[in-house]
Every structure is written in structure tokens, then in C-alpha cells.
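# Chains, contacts and geometry: an overview
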Protein chains: 4
Amino acid sequence: MAPLSEIDVVALRRELHAHPELGFTEFRSAARAASLLEALGWDVAAGAEVMVASERMGVPPDDVLAEALAAAREHGADERWLRALDGGMTAVAGTLAGRRPGPVVALRFDLDALPVAEAADPGHVPVREGFASRRPGLMHACGHDGHTAIGLALAARLAGRDFAGTVKLLFQPAEEGLRGARAVAASGIVDDVDELYCLHLGLGVPTGVVHGAVSGLLASTKLRASFRGRAAHAGVEPEAGANALLAAAQAVVALHALPQYAGPGARLNVGTLHAGTGLNIVPERAELAMETRAPDAATDARLGAAARAALTGAAGALGVEVEIEQVGGADAVRCDDGPAARVAAAAARVRGLTGRAEPHADSGSEDAGWLLERVRAHGGAGTYLVVGCTSPSGHHTPRFDLDERALPAAVDLLEAVVRDALR
Amino acid sequence: MAPLSEIDVVALRRELHAHPELGFTEFRSAARAASLLEALGWDVAAGAEVMVASERMGVPPDDVLAEALAAAREHGADERWLRALDGGMTAVAGTLAGRRPGPVVALRFDLDALPVAEAADPGHVPVREGFASRRPGLMHACGHDGHTAIGLALAARLAGRDFAGTVKLLFQPAEEGLRGARAVAASGIVDDVDELYCLHLGLGVPTGVVHGAVSGLLASTKLRASFRGRAAHAGVEPEAGANALLAAAQAVVALHALPQYAGPGARLNVGTLHAGTGLNIVPERAELAMETRAPDAATDARLGAAARAALTGAAGALGVEVEIEQVGGADAVRCDDGPAARVAAAAARVRGLTGRAEPHADSGSEDAGWLLERVRAHGGAGTYLVVGCTSPSGHHTPRFDLDERALPAAVDLLEAVVRDALR
Amino acid sequence: MAPLSEIDVVALRRELHAHPELGFTEFRSAARAASLLEALGWDVAAGAEVMVASERMGVPPDDVLAEALAAAREHGADERWLRALDGGMTAVAGTLAGRRPGPVVALRFDLDALPVAEAADPGHVPVREGFASRRPGLMHACGHDGHTAIGLALAARLAGRDFAGTVKLLFQPAEEGLRGARAVAASGIVDDVDELYCLHLGLGVPTGVVHGAVSGLLASTKLRASFRGRAAHAGVEPEAGANALLAAAQAVVALHALPQYAGPGARLNVGTLHAGTGLNIVPERAELAMETRAPDAATDARLGAAARAALTGAAGALGVEVEIEQVGGADAVRCDDGPAARVAAAAARVRGLTGRAEPHADSGSEDAGWLLERVRAHGGAGTYLVVGCTSPSGHHTPRFDLDERALPAAVDLLEAVVRDALR
Amino acid sequence: MAPLSEIDVVALRRELHAHPELGFTEFRSAARAASLLEALGWDVAAGAEVMVASERMGVPPDDVLAEALAAAREHGADERWLRALDGGMTAVAGTLAGRRPGPVVALRFDLDALPVAEAADPGHVPVREGFASRRPGLMHACGHDGHTAIGLALAARLAGRDFAGTVKLLFQPAEEGLRGARAVAASGIVDDVDELYCLHLGLGVPTGVVHGAVSGLLASTKLRASFRGRAAHAGVEPEAGANALLAAAQAVVALHALPQYAGPGARLNVGTLHAGTGLNIVPERAELAMETRAPDAATDARLGAAARAALTGAAGALGVEVEIEQVGGADAVRCDDGPAARVAAAAARVRGLTGRAEPHADSGSEDAGWLLERVRAHGGAGTYLVVGCTSPSGHHTPRFDLDERALPAAVDLLEAVVRDALR
């Protein structure tokens, strides 16, 4: 691929959209980012240089990783980078230092797609235009294809320019499930950052509107609990069994009583439960996946601790063992005034954009909080900005799509933000 | 009171019936037994001589004991014996040694009444005949008034006679709730006993029929669980509370799943639950009383242990503390063939009685098991015999009554049993 | 009693404090209010004239009402008014029409006390000063004694004055438990009211500060559920029973899962649960009392309906019957700007008071909402104002007390409000 | 295939063992039976002639049936019979009338295998001898391969012989899960039967021992419950959801309390539970499979009805819908003395066998009860006999195997039984 002074952000988004990859298996996507950054003259780091393996949460098992790597190869992943990304280490960072001294500005883009089967009818634009997912059952249904394309187009725009300070572009795996950011933060890659910008498209904000900050993104904890009891013939000698399904059901019931005792706004969901093998066997195993949410990390932590106690208590009473694994988690997202104002001001200068001072209210969760808190702990500041992008259907649904007019405008906006910060 | 060669068993039963006393507060009843035994020339032991305080279960609190003692005095308790019985030590034993050497035969009679309000209409014989309970809310609704009267009439019948061996008559407190026998057994009073006979009237067997043994009496454990959480205003800040009522309810639900995992025939009942003070207060306290039952002590113990785990697990998950106290318990009742056959044979010789070889099947519980197992552990044998006694209403109901024709026949029967054993 | 041009509000509060009465049994308190209003020349209405019996919630049973009426007589209730108040119809209203035409202004004061045992040590001012509760176990622990005294002192202050319009003073029973206001509203007594003022002392606001409005008072529903199953011997034949305690426990567990599915801010509390009679009896009866709360009436109603379904569902599955009775309830309290501003403005003119424009945030509940919504439905407006009153201990606690300096200031404030409204 | 005067029962069992098929998909097995019976000169009926489609329980969906039919073809199923068996109608009957008049004797053999993966190591005889399952994940792990082989060897033995009466051989699908016998019984095929013999190998009885009857086989009901709620984003608006997983968990907890209220010996097992799709989605669907068991059909029916109420109650309280389908069921198995004695007597005459008069005690379940009750309702009699067969591992386990010496002895036994009955 020839060096590029400009990247067609729409074309790149469409390419990424056609090759969606789940969290920690973004082999093709991350290799693509690394190749382009390298071609554009950025210093590139990848894998263990920019993330800590043990700080990841909810990493798929080895066979799933291997299968995904093979699929990435089939889909044309750049082989030169795959070794660095092996084993689910799919973060990439590009750094570009200006010739003049100045602050460090970082921008974070997430790479991963979702286990959603994309709509297949011609009314869905990616189908009509020929860039729908080529990975059955997987889909960029949250717009991260757009995020990555914007980040790489910004890399092309900034390449060869001079400024007072340093720019870092972070391409992060596994935002879905709140699994990847903690590992990137732990690498120290943002410890010298003065200003961090984390972007999201859409979130119900129409194309043309930009919010410099968000409010209401909840802290969250994701847990998986595996119960192991003892099988027995349910008719002949149930007393020889230890019923893992019953333990899980009692835990579910106990869990749902907890939110109001954790604090205002706390929430809990047991998303999946699978248990048992046969009608006449006392179930030996049960597995459930759950999450807590709360307006602040302390309340979420209190609810998470109570949830662990409920899981353990239910199991113990039935002679069942339970293992609890944290498979995801995020702090609440807090935004600093300075960076938020810088975004709003920059938006005002970009054609087609309107900047809003007030934060956009949302009640989802985001693992960007790990990066923002890390930056803040080292004296920096940051924000989570929303670039409006009208969609025909909600995030995470089969008919989700991006209004592609938002993409070049977002590149313009971020370029203005960086230039303002490093002028 | 003048020495007696014969006691009118019906008159004595009516006197006892009029003055019912609950378990460990049988001050008047036990003092009456002690006085009569003494007057009849038996060696009398009472209180700490024949029971171990710390082995009692479910002893009422001090103020209840004191109140009951005062009531006993009002009802004419023999003051000379009250000191020995103080503090709920209401067991009495009488011993009579024959001049010739021989085995030791013991007979056990229980003293306590029930918290049942006796029927008040003239259709109820004790009302019509003027011997209904004079203690409101208390009633001899299980026939222990008859048991005690039979024991004392037997004492009169045996007084002054000679035989080859020794007779012990045990008057035991707190059979209801399975609370007293363990303490009597622990005193060692039956360690030298060769044959132990424990009698019960009625149990659905009609007047005139005698079973020398029983089958099916279940092992049982009685528990009281006290939950203590933390009160809080339910509207303003439920998160400041720890909900004891909820913990108790979750425990109740968890408990009811346990029987089939303990073993065939296991049963569990939460008999009472009281929790909370006000509608808008997160409940700080809850108290429940429960029992387990099973065909054998091992299954009952397994269920009891699982129940404790369920209580603890439910409390722990909600930040609530729980104290669990065993307030009663019994082994399953096993009967030995020799004593059972002796009863059946003796019955055949008493006018108006028919002895049955096969055991009477019942599915209640009895703490006589403690005494029988203790005797057995020291090389003796014993049985639990049923003397039929038709009643107009079931045991433990307000209209329960004894067919008094059964009483003198029972005295005759036991006299024959003792004479046969010590001939 | 001689006509009064001025009432000593502190002395009257102390008298009322000494004679606390529970909701719907405020016989002495209401009669006192009626007598004083009459003596002061107000038109007085009481009982069925100002409340609808069938709209009351949680009315005590007849024997409790009769006992309370007897106690009121012992405590010197004015016999002339007791007939009107009989049967728990303890509302009183005084009306005073100015000679000039003008709007109708109403003020509401609540009469009832709480089942709290007042602190007995001399460190508690009512003890030291000799006006502590003379009704053991009952206490004015929420300040309604102060409210009533203020209302009556205001009656004296306005008596004989002229103004353009009409003043109504409403003395309402059974605010605690949210049981009385609906019945007063249903009488139509506020249908012609243009401005309604409902006052509360304290609520954490210090003496001297006045808020013209409140925010955050929650809608609430209070329910009592009575389960009736079938008793059976738990050891002999549990299958003959229908377990009311178990049904109640399952309902409690199911209920606690509901809040997060009703809507943001919804809450639920089962405050009391009482079930069962004996350890070895399958419990025939269980009774629980519970409440829901929510920021708006629609969410509260949704939660209330779900709660009824959970109660019914748990009972039905066990062959247990359940009766559910609503024993209290309130809409969320909304305050109108005009009356709120009038209070704040008036406070600014009373010596020792500071008026606050912003509402006082609270998260309790109040049945004043019934009256405010009724006024609003007929075209009027109203507010719920808080007159600061420092207390040594929280509302509803044994050491709660009023800072009596707040009382005359409150009378001044309300007089100013009325004069401003009817000038 | 050439006509056969004798079938090698061991070779045929091995062939059947290598081609296991699940209930209602025994296409190859049933076709094999039909072909052999036909070749031996028996009148053959199959499919709708000998079973009623609508009386089957737990029939697999159409795609599973189609797939299984294709597999049967791959495994060499006799094409001529597949049309009759299509759609899961896999019952076959052979009838042979003697020339002399006499009673009708029927013998029932079950055809189906289990979803068990057979042990693969050479220590397992079918592996060593080369007849292990050729259908991965399926295995004859209960010995029905032996039953079918015995039935067909018996057909060969009786072919061409004369006797006074008629013999019917019934090859029944889907005994596992108690799904097939009701449909066979409903066809009327046994309405004229005077004596019915249902055989099982093994059940813990060693090779050489024969019990003419069984006791303790439990009545059972198998249910599948499908909950459908409403999905919603668990973080953003849980109140828009109706939680099917929670409803299922509450049902599981409620279900486990029911057995002791149904009657002595009642049991319940929820064998599998699957619910939910994603961590952050309020689960829309849940599916559970459960069974009840009891010593008699009335207790089992009472427990089944209570279970349905618990499922419905839990769902209703959460706004979730539930569909409950019965997927299997059986009456308790009762054996008649006459046929049982005939078996024991016949066993005494077969070399290598010992006949036992007392029934073999077991606590599993069997759908043979449907056939036995149908025969009994029409004036006939029957028994369920056990032919001992030592196995290295329990029924339904991967290492289960038959001691093949039991097979020819069983053929001898049944031949003797038939001859005795029709002499």
C-alpha cells in the first residue's frame, strides 16, 4: 500500500465494516491500523508494548483466539503485525512528535464489533452498497468501524505536519463488555498524556451536533459465575447430588433484591443462565453471566461485593462450589471542563457542526473511564465527546448504520482539537 | 398429706389437669410428684440430682421462669420442693429398692402441658366436671396429666411391696419440643437401668388396646434463628439498612428445597416467623423457629447441617448476622423386642386390655429416644409403649381429653410389667 | 373556656404533646381544636362534614377505636365534640369569611402522633419541663403537636380581623401511614380553595430557615397482605397443609426483585411479617405489611400492581389464599410556584426568619398530595412549606423534640401569608 | 436377507448396538425389526397401525426427524419400511396366530438409545470387539439393543411352531423420557391381550437371576416450560423489560419446595435451564425441563399440578408468559401375580437361570405402565420382569455394557413363558 497523504475515511470505514471482529480478536483491524500508521510515518507500537495481558478481562479461550486469527488471515490481515497481536493482544498505538516542545494529546478509538447478525435485505445500506459484514453472525453494530476509520484518517491528516507537542492515537480492543481499556491503561501508555479525547459516534445525537462531554455513563461490573455440584439420578437418589442449577436459581433470586440496598440508581442484570444436562439428572453444573451498574464506582463496587456474597451464599447452602470471575468492568465516565470546552469551541469552527456546551446524557457504560482516570491520576485531563450521527436503528441492532456524512466532519473536528491543543 | 396405700388415679389426673404447666416450669407438678413419692416412702431426688442444666434445650428466659414459679405458688405448689426445682430444673425421680437383688427397671413419665387454650363449653368433659385448666392459655392437651398420675398411682401400688431388684420412676420435664430428656439422660440416672419403659396414652389407639412398641417415630432437630440486620428509613436511604426480614424470607425459601437432598423421608417445617417493626423501616430483626425430621438420626443431622448453612448463607449475602440455637431435638425411637414382648404379655393378663405384638406406627417425634439410647449404650434395653385411650379430639387440640377408664388399667399394666421383670 | 384573642402557642403545643393520639383516634386533639375554633368565633365543621369514611385507609378496628375514645375521655376530651368524631372521623375544619369578597385560602395541619415510647430521662426537654407524653408507648415524635398548635394560634390571630376573602383551617387525622388526607379531600372541603398551604416543621431544616416548597417527596402505596393456608402436623402429614408462611416468604423474595422493573427511583419495603403458631404445625396464617415508593404516581402504581401480582402468584402456587388491603397511599407532592414564592416573600418580612426560594429536597412521603392535587384539579394552586426547627434527634425517634422558638415565628409567617393572599 | 430359522441373538445385538437411535427416530432399528419379522413369516404392522401420533410426548421437531431419517438411510435402513415409520412413527408389531384357539400373549421390547458418548478405549468391550456406536454422541447405554435382539430371536424361535392362541411382539419407540408407550397403548394393539410381559435386562440384577416382577418403579411427569418476556437494555431502561430468566429462577426456587406438600416419597428435579442472550439484555426467553416422581400416580399428579401453578405464578408476577408442555410421563408400574409367577416358574426350568418370587425393588420410572394398565383395563394381566445381566458400569453411563451370556438365556426364558401360556 502506497504512502497516503489523505485517507478516504468513508472507504476505509466500509472496508472495516465488511470485516468485523470481536473483542481481543481484532487481528485484521489492528494490523490494518498498524500498517497504515507505519506507512504514514507514525511510530507504531502494538501488543504487549501498549497493553498488559493480565489486566484484560473476559479474554476468549485459546481455541477461539486461534480460530479468529485464522479467519483474520483468510480476510487478508497484514501478516507482518500478527505476531505482535497474537493471543488477543490487539492494541495498537501511533505516536507523532512535533518538532517544537509542548503537551501530549491522546485520542482513543475502539476497534471491536459485536455478535450481531447484520440485516440482509437491500433496504440496509451496507447490503445495497456492497460492504455488509462478510463474517456471518458478526457486525459493526456500534460504529467502532467509523471510530477506527476516523482515527486513521486523522493520522493521515496530521502526518508530516508540525506542532508544539506530541500526538498519540490509541486503537483499543474489546470496548464491548468493558474488557480492554484497563489493560491499555495499565501499560502506562497514557501516563504522560495531558489531554485525552475519547470519541463516540451517534448515541442518539443527530448528525451535525457535537457534545464536548457526556454525563450519566454508569460504572459497571461484569461477572461470570460457574457453579459445580454433584450429579445424581434424580429419581433414585437425589440425596447423592448437589444441585448446581438450584444454587444458581437461588442466587439469581437473591441477586435481584440487592440493587436498592447498594444505593440510588444501582442496577443488576443476570443476562444468561445455562445449567444441567438431562431431565432426570440432578444438575452438576450451572453458569451465569451478570452485570451491575451504578452512577458511581463506590456504589457499583458495593453492589458487586454483595452480588459475590449472594452467589457464594446460595452455593454454600447446597454444597455446591462456585467460581466467580470478573469478565468486564468500568468506572463511571467523568469529563473535565477544559477538554470538553475545547471540543465545543472547535466544533463551532467546523463547517456543518454545532458544538454543545452541555454534556450529552446517557445511561450506558464505557471502559474509557479507565483511561480517563489514569490520565487524571497523572495530572492530565480528558473528556468523552459525542459526534452526532443519525442512524436508521439503535446501536447493537441488526439495522444499525452510520450516516457517513459525520465521518469527514469528525476528522476535521479532531484535527482542530489537536491543533488548538498543540498550537 | 397422709401416707397413701392407694392413689385415686382419676382424681389425681383431674387435679393435675386443672394446673397445667409448660416445659421447664412444671414447678407445681414436679413438687406434687416429689411430695407424693416422699409420702409413699420412695427415695426422692429432684432438680440437679437428676438432670444436667446445660443439656436442656429451649429453656425459657429467666423472667418467664420467675413468673411461672410465682404462678405455681399461687396454685398451691409444695414449697419444700421449689428450691430444688428452681431455674427450670423440674425433673424428679423416685427409687425403691427391693430387699432381694435383681435388675433395675425404670419407667418414665412426662410432666408438661401445652400453650393451648382449653375448650370452654360444657360439651367438653373437663368443663362439665369442673377440672378444666385454671391457667388461661395453658392446657394438658397431650395427656401428660394422665402419664404423671399413672406414674404416681404406680408408686403407691408398689410402695411397701418387695421384689427382686430396683424400680425407678422418672418424672421428666419438657417433652414437648423435645427439650428435656437429653438433660435427664445426661445426669446418669438411667445408666444402671436394665429395662426402661416409656409410656404414652392415646396416639390414636382406642381404649383397651396396648402396643408394646412403636415404629416410625422420627428423629428431629428444632432450631431457632435470630437475624439481626440494621434498621434504616426505607424511603430515604434503604442502602443504609441490612434487611433481616428479607434474609429470613430468603432462608425460608432456601430451606424448603433441602429435604429431598437429605434423604428419603426427610421433612422440614418453619413453624413461625416474626420480623420487623414498621412499614417504612428496613427491618432490623427477624426470628424464626423451625424443625427437621427424618427416619434416622443421620439423615436428620444431614438436613440440620444443611439448614444451618442455608440460614447462614442467606444472612451473609445481605450483611445480616444470624444466631442459630438448637431448642430441641430427638433421635428416632427404637424399641427392643424383649421389653416390648413383656408389655404385650402383661397386657394379656390385665382385665380390659388386649396386647398387640406389632408396633404402633406413628410419625411424630419423642425425646424418649435420648433415654432409650442411653440405656442401650450401657447394656440395657427398653421400649416405648402405647396404652390406647380414646379421645374426642386429636392430641394438641382444645377439645382433647382422656378416656379415664384407661388410667387404672394402665396402672395395672405397669404393675404387672414391673412384677414380671423383678420376680 | 374564655374567648381568646391570643393563644400561647408554646403552652398549647406542650399540652398537645402530653396527650398524643394515633391516626383516626385523635379524639382529644380534634375536640380541642374544634372547641378552640368555636370559642374564637370560627365556623366549625367536624367528622363526616369534612371527611368521607370510606375513603380512609388503614382504619383501626372497632375495639381499638373504642379503647382510644375511652382514653381520650380520661384525658379530658371535650365531650361536646366526641359524638361527631366517633368511629375514627377525627377531622375538623374552621372557616372564617372576611367581609370583603376575595379568594379562598386554606391551611392544613395534621393531628396524629406515633407509636414511639418517648425518652424518659431528664436530658429530654419534655421530661425536664413536665410535658412528656402521658400515654405510654405513644409520642408526638414528628412535630404534629407543633403543627396543630400553630394552626390554632393562627386561628386566634385571625379571629376578629377582616380581609378580602375566606380562610379555612383544616385539622387532618392520620397523616402517618398516609391514611387520612384522601378522606378529607374526598369531602369536597378544598374544592373551592384558591391557595392551599401545608406546613411541616423541621425535616432537617434549622430554626430560622423557611423553604416555600419541597421536592422529592415520593408517591407511595401501603399494602397489608393476609395469607390463609391450612394447618397440618408437619411431621405426620405435611401434605395435608397449605403453607402460608412459605407463601409469604416466597412473596417477599419475589417482591424485592420488582423495583428496578417499575422505573428509576422505585423502592419497596416489606416492613413486617408475622406467621405461624408452633414449631411443628404447617403455618396456616401469615400477615405482612409493605410499601412501595416512587418519584411519580405512575411508577408507584406500576410497582404496586406488580407487587399485588407477586403476592397473588406466590400464594396461588401453594394453594394459599391471600387478601390484599391498601392501608395507605399518597401521590408525589408537587408544589406550585405562586404559593411557594408567596411563602418565601412573607418569610423575608418576619423577624428571625430567612426565606429560601429553592425547594427543600426530601425523600419521604406525605399525604398532602391528595389535597394539593384536589385543589389543582379545581383550578387552585398550593405548596408544601417547611419551617425550619432544629431538633436534638431525628423525626420518629424517642428523643425528637421541637425548638419552640420556631412556633411563634411560624404563626407570624402564616399570618403574613394569609394577609398577603387576601389583602 | 435369507429366511431364518434361528437368529444369532448376540450378533444381532451387536449390530443394533453399532447403530443407536434416539426416541422416535429408531428408523433403522424399527425397519430392521419389521424386515426380520416379515422374513420370519410374522404378520407385521408398523407406524400408524400400532401407535397414535397425537399421544406421543416429547417428539423431536421436524428438522431433527428429517436429519435422523437421513442418517438411518446412511446406516443401511431397509427402505421398504421407512415410509410407514416417517415422522417419528417408529413402532412395529409382529403377530403370529397358532392354529388352535387360545389366549393372546404379548411381549414388549423397547428400541431407543441415549444421548451418551460411548467410551472409546479398548477396555470397553464394544470397542475391543468392534461393535461400538457408529453414531457419535449416541449410545445404547441402557440395554435396549439387547431387548430388541431378544425379541427378534424369540420371533425366529416361535416361527413355524404351533400353539393354542396368539403371540404379539411389540417393538416400542421412545421409552427413555417415558414418551412412547402411551402412543402404542392408545392404538388399541394390546386391548385383546390376556398376558403382557415387559422385559428389562440388568437393573443391578446379576446374570443368571430372574425376577418375575418389580416394585417401586415411580410414577413420573416430564414437563418443559418456555418463558417469554420482553427484552430491554439492562442499563438504560430495565423497566421496559419483562425478565424471563428471573421468572424461571423464581419458578425453580418455588418448585423445590413442593415435594413434601404432595405426599410421601414425592420428588422433583429441574434438569435443565437455559436463558438469556447477552450480559446487558433483560432476558426475553428462558426454557426449563423438569420432572416429578412419586410412588403413585395420584401423588405424582398432585405434584405436577402444583408445579404448573408454581411455573404460572412466577411468570405472572413478572409479566412473563409461560407455555408448559408435557414431554413425558408414566404411571407407577404394577405387576400382577399370575404372570410374575409364570416367569419365575419358567426361569426355574431354563439352564443357567434362577427365578425369584419376590419383586426386584427399583426406584426409576418406566412407561410400560401405560401398556400394563391398558391391558388390565381390558381384563388382562401383566408383569415387568427383570433378567439379570451383569454390567461393568451403571445404566446410562459411557461404559455400560451387557453380559451377552444373558441374551440366549432370556430367549429361552421367554419361549418357555409363551409355551406355558399357550399350551
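Whatever comes next refers back to the structure up there.
Here is a short report on the structure shown in this document.

Parameters at a glance
Residues numbered from 1 in each chain as written. Chains lettered and ligands numbered in written order. Predicted model: local features only at pLDDT ≥ 70, side-chain atom pairs only at ≥ 80, totals over all residues. Heavy atoms only, no water. Helix = DSSP H or I, 4+ residues; strand = E, 2+ residues; numbered from the N terminus. Rg over C-alpha atoms; globule rule 2.2 N^0.38 Å. Areas by Shrake-Rupley, 256 points an atom, 1.4 Å probe, with all protein chains shown as cover. Lys, Arg positive; Asp, Glu negative; His and termini not counted. Charge placed at Lys NZ, Arg CZ, Asp CG, Glu CD. Phe/Tyr/Trp six-rings, centres within 6.5 Å; stacked < 30°, edge-to-face > 60°. Lys NZ or Arg CZ within 6 Å of the ring centre and 35° of its normal. Contact = heavy atoms within 4.5 Å. Least-squares fit on C-alpha atoms with pLDDT ≥ 70 in both. Buried < 20%, exposed > 50% of the residue type's maximum accessible area, 1.4 Å probe, protein only. Pairing = 2+ DSSP bridges. Buried area = accessible area lost by both parts, 1.4 Å probe. Salt bridge = Lys/Arg side-chain N within 4 Å of Asp/Glu carboxyl O. Polar contact = N/O pair within 3.5 Å; in protein donor to acceptor, adjacent residues only side chain to side chain. Expected span 1.5 Å × (residues − 1). Axes fitted to C-alpha atoms, helices over the stretch in contact; angles between N-to-C directions. Left-handed = near helix turned anticlockwise from the far one by under 90°. Nonpolar A, V, L, I, M, F, W, Y, C, P; charged D, E, K, R; others polar.

### A closer look at the overall build of chain A
Broken down by element type, chain A carries 13 helices and 16 strands. Compactness check: chain A gives a C-alpha radius of gyration of 23 Å against a globular reference of 22 Å for 423 residues, within 12% of the reference. Along the three orthogonal principal directions, the C-alpha set of chain A runs to about 80 × 45 × 40 Å. Carbon and sulfur atoms form 52% of the exposed surface of chain A, whose accessible area is close to 14,300 Å². Put simply, chain A has 39 plus and 53 minus side-chain charges, and the middle of one group is 4 Å from the middle of the other.

### Considerations on the packing of aromatic side chains
Tallied over the entire structure, the rule returns four aromatic pairs over all chains. Over the face of the ring belonging to Phe24 of chain B we find Arg56 of chain B, whose NZ or CZ atom lies 5.6 Å from the ring centre.

### Some remarks on the environment of Arg134 of chain D
Residue and element names in this part refer to chain D. Along the polypeptide, Arg134 turns up in the loop between helix 5 (125-128) and helix 6 (144-158). Sequence-wise, Arg134 and His75 are 59 residues apart; in three dimensions their C-alpha atoms are separated by 8.9 Å. Excluding its chain neighbours within four sequence positions, the residues that come into contact with Arg134 are Ala18, His19, Pro20 and His75.

### A word on the relation of the copies chain C and chain B
Between the two copies, chain C and chain B, the superposition gives an RMSD of 0.2 Å; the rotation angle is 180 degrees and the shift along the axis is 0.2 Å. In the structure described here, the two chain copies are related by an operation that fits a two-fold rotation axis. Here 100% of the interface residues in chain C have copies in chain B that are interface residues too; the copies meet face to matching face.

### Some details on unusual backbone geometry
All names here are of chain D. At Leu203, a position not held by glycine, the phi torsion is positive, near 55 degrees. By the secondary structure assignment, Leu203 is in the loop between strand 5 (195-201) and strand 6 (209-211). Positive phi values are uncommon outside glycine, yet His396 reaches one of about 75 degrees. Here His396 lies in the loop between strand 16 (381-387) and helix 13 (406-421).

### As for the pairing of strand 5 (residues 195-201) of chain B
Residues and elements named next belong to chain B. Counting buried residues along strand 5, seven of its seven residues qualify, which places the element largely inside the surrounding structure. Because side chains alternate across strand 5, one face comprises the buried residues Glu195, Tyr197, Leu199 and Leu201, and the other comprises Leu196, Cys198 and His200, equally buried. In this structure, strand 3 (residues 100-110) lies alongside strand 5, joined through four bridges in parallel fashion. Paired with Val105 across the strands is Glu195, a residue of strand 5. As paired strands, strand 5 and strand 16 (residues 381-387) are joined by seven bridges and run parallel to one another. Note on strand 16: the bridge partner recorded for Cys198 is Tyr384.

### Topic: the interface of chain A and chain C
If you look at the interface, chain A gives ten residues, while chain C gives ten residues. Across the interface of chain A and chain C, roughly 740 Å² is buried in total on both sides, 46% from carbon and sulfur atoms. Taken together, the links from chain A to chain C amount to zero salt bridges. Linking chain A with chain C are four residue pairs in polar contact (both at pLDDT 80 or more), by the criterion used here.

### So, the relation of the copies chain A and chain C
Taken as rigid bodies, chain A and chain C are interconverted by a rotation of 180 degrees and an axial shift of 0.1 Å, the fit giving an RMSD of 0.1 Å. A symmetric contact is evident, with 100% of the interface residues of chain A recurring at the interface of chain C.

### Overview of helix 13 of chain D
Here helix 13 of chain D spans 22 Å end to end across 16 residues, near enough to the 22 Å set by a 1.5 Å rise per residue. With 13 of 16 residues buried, helix 13 of chain D lies mostly within the body of the structure.

### Concerning the packing of helix 8 (residues 244-255) of chain A against helix 10 (residues 297-317) of chain A
Helix packing for two helices is described by the angle between their axes and how far apart those axes are. All names here are of chain A. Interhelical geometry of helix 8 versus helix 10 gives an angle of 145 degrees and a closest axis separation of 8 Å. Considering the relative orientation of helix 8 and helix 10, their crossing is right-handed. Taking contact as the criterion, the partners of Ala247, Gln250, Ala251, Ala254 and Leu255 in helix 8 are, on helix 10, Ala307, Ala310, Leu311, Ala314 and Ala315. Partitioning the contact of helix 8 with helix 10 into residue classes produces nine nonpolar, one polar and no charged.

### Focus on the environment of Glu118 of chain A
All names here are of chain A. Position of Glu118 relative to the elements: it lies in the loop between strand 3 (100-110) and helix 5 (125-128). Residue Glu118 is classed as buried on the basis of its relative accessible area of 13%. If near-sequence neighbours (up to four positions away) are discounted, Glu118 is found in contact with His17, His124, Pro126, Ala132, Ser133, Met139 and Pro398. Of the polar contacts made by the side chain of Glu118, one reaches the side chain of His124; its length is 2.7 Å.

### With respect to the interface of chain C and chain B
Listed by partner, the interface residues are 40 residues for chain C and 40 residues for chain B. Summed over both partners, the interface of chain C with chain B buries about 2,900 Å², with 61% contributed by carbon and sulfur atoms. In this structure, the connection of chain C to chain B is made through nine residue pairs in polar contact (both at pLDDT 80 or more). Looking at the side of chain C that touches chain B, the elements with two or more residues in it are strand 8 (219-228), helix 8 (244-255), strand 10 (267-275), strand 11 (281-282) and strand 12 (285-294) of chain C. Per-element accounting of the side of chain C that touches chain B gives the leading share, eight residues, to strand 10 of chain C. Residues belonging to the side of chain C that touches chain B are distributed by class as follows: 19 nonpolar, 16 polar and five charged. Sheet topology places strand 10 (residues 267-275) of chain B next to strand 10 of chain C; three bridges connect them, and they run antiparallel. Among the inter-strand pairings, Ala275 of chain B is bridged to a residue of strand 10 of chain C, identified as Leu273 of chain C.

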